[in-house]
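# Structure at a glance
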Amino acid sequence: HQDILAAQKKHDDAVAEYKKQAGEAEQAKGEWTAADSRLAAVKPGYQLAVEAEDKAEKKYLKEEAEVAPAKAAADDTTWQEETKKLKAAEAAIALLRVQVEKLNAEYTHPSK
């Protein structure tokens, strides 16, 4: 008789454990379903945000890549040296012009 009662108790305990585990699983499933529903509600907005972030990152990388060449061009001062050379050449040409005009004025053609 004790063996039967012990077997019955063991079975009852197993049924209680099963019901407890099944209840916990059902509760977890409900939480999962609710979380999944919340995720489904925000997923389109999230996807748009991810796409916008990707697009903004690509634009930034493109613009950032253009900074170095633009800075190099902005820092380039060779034009100043070229301007100095050009002004010196213009001054030399003006001086030559004056000398040529002076020589022309002083020159007497042999036929005259």
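Located above this text is the structure these notes cover.
Remember, it's a predicted structure, so these values are computed and weren't measured experimentally.

### Quick look at the overall build of the protein chain
Helices and strands together make up the secondary structure of the protein chain, namely 2 helices and 0 strands. The C-alpha radius of gyration computed for the protein chain amounts to 47 Å, which surpasses the reference 13 Å derived for 112 residues by more than 25%, pointing to a less compact arrangement than a globule. Across its three principal axes, the protein chain shows a C-alpha extent of roughly 160 × 30 × 15 Å. Looking at the protein chain residue by residue over its 112 residues, the buried ones come to 0%.

### Here we look at the environment of Glu81
Within the secondary structure layout, Glu81 lies in helix α2 (residues 78-106). Remark: the alpha-carbon pair of Glu81 and Ala68, spanning 13 residues in sequence, is separated by 23 Å.

### Side note on a negative patch on the surface
Among the surface-exposed residues, Glu51, Glu53, Asp54 and Glu57 lie close enough to one another that they form a single negatively charged patch. Among the secondary structure elements, Asp54 is positioned in helix α1 (residues 2-75). For Asp54, a relative accessible area of 34% puts it in the partly exposed group.

### A short note on the pattern of salt bridges
For the coordinates displayed, the defined rule picks out 6 salt bridges. Between Lys62 and Glu63 there is a salt bridge, and its shortest N-O distance comes to 3.8 Å. Across the pair Glu81 and Lys84 runs a salt bridge whose closest N-O atoms are separated by 3.7 Å. Separated by 3 residues within a single helix, Glu81 and Lys84 lie in helix α2, roughly one turn from each other. Shared partners join several salt bridges into a network, and the residues in it are Lys62, Glu63 and Glu66.

### What about the environment of Glu53?
Note that Glu53 resides in helix α1. C-alpha separation for the pair Glu53 and Asp36, spaced 17 residues apart in sequence, amounts to 24 Å.

The rules we used
Residues numbered from 1 in each chain as written. Predicted model: local features only at pLDDT ≥ 70, side-chain atom pairs only at ≥ 80, totals over all residues. Heavy atoms only, no water. Helix = DSSP H or I, 4+ residues; strand = E, 2+ residues; numbered from the N terminus. Rg over C-alpha atoms; globule rule 2.2 N^0.38 Å. Buried < 20%, exposed > 50% of the residue type's maximum accessible area, 1.4 Å probe, protein only. Patch = residues over 30% accessible without salt bridge, like charges linked within 9 Å, V, L, I, M, F, W, Y side chains within 5 Å. Areas by Shrake-Rupley, 256 points an atom, 1.4 Å probe, with all protein chains shown as cover. Salt bridge = Lys/Arg side-chain N within 4 Å of Asp/Glu carboxyl O. Lys, Arg positive; Asp, Glu negative; His and termini not counted. Charge placed at Lys NZ, Arg CZ, Asp CG, Glu CD.

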